[in-house]
Amino acid sequence: MALQGTLIWLCSLAALSSSAVQDETFSQNCSSQAQILEHLKEAVECGDKLSSAWSSQETATLLLTMKNLTDTLHRQQLKECKGADPKSCPEAEVPENGGLACVSVFNKRYCKPLCNNGYDFAFMRRSGFYNECSRETRYRWQSMYVGGNKLAVCNKESFPVAGLNTAYFPKDQDCLTTKSSAQLQSSVINVFTAELKLAGVQGDPEYACLVCG
């Protein structure tokens, strides 16, 4: 696989991730998303055999391109919870080294912070495992962090104890790994909605999403 071909696949993936994918003429000139992802997986599997044929400048170029693409895709996935009801609620800040599962029930927005394995919350969250934004909260997030939209911080810890067991992604299954599987992502959302019902929040959840920090 040549460096030029790899860069083309990366650029095509970035383009397909934008609104331009809706343009039929543009789409005809690009590979499908499935093909691009398959090419990227092949590049990863090639490992050292692939990179050993490149110069240091080519390697740096690819690293820079992948970094820019990663940053673009990360910013895009952070917007996936945008537009949920109630519209007056600001977007909650997604914790680094973790994620945020959110649903709306009867015009109230609920979000549950989760930490990746090896990280723990700065404050105890066993009783208050979720945060609410609604008319009752004056469309502000109920949070221990005053004056902003930060709901939680995930700090490096060997033995997490601050949250419920379901507030942590399993080992070898961080937020992005979970989000890459529709089944795993649905499981996280389903657990959250079940916990809300046990906490007295009744109703059908809407605008469910999972975003990663």
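For clarity, every value in this text was computed on a predicted model and none was experimentally measured.

Cut-offs and rules
- Residues numbered from 1 in each chain as written.
- Predicted model: local features only at pLDDT ≥ 70, side-chain atom pairs only at ≥ 80, totals over all residues.
- Heavy atoms only, no water.
- Buried < 20%, exposed > 50% of the residue type's maximum accessible area, 1.4 Å probe, protein only.
- Helix = DSSP H or I, 4+ residues; strand = E, 2+ residues; numbered from the N terminus.
- Pairing = 2+ DSSP bridges.
- Contact = heavy atoms within 4.5 Å.

With reference to specific residues and values, describe the pairing of strand β2 (residues 108-115).
The buried fraction of β2 amounts to seven of the eight residues, a majority that puts the element mostly inside the structure. Judged from the eight bridges that link them, strand β1 (residues 98-105) and β2 form a sheet pairing that is antiparallel. What sits directly across from valine 103, in β2, is tyrosine 110. For β2 and strand β4 (residues 131-133), the ladder comprises three bridges, and the chain directions are antiparallel. Paired with arginine 109 across the strands is cysteine 133, a residue of β4.

Explain the environment of threonine 193 residue by residue, including any values.
In this structure, threonine 193 sits in helix α7 (residues 182-198). As for threonine 193 and glycine 203, which are separated by 10 residues in sequence, their C-alpha atoms are 9.5 Å apart. The contact partners of threonine 193, leaving out residues within four places of it in the chain, are Val103 and Pro205.

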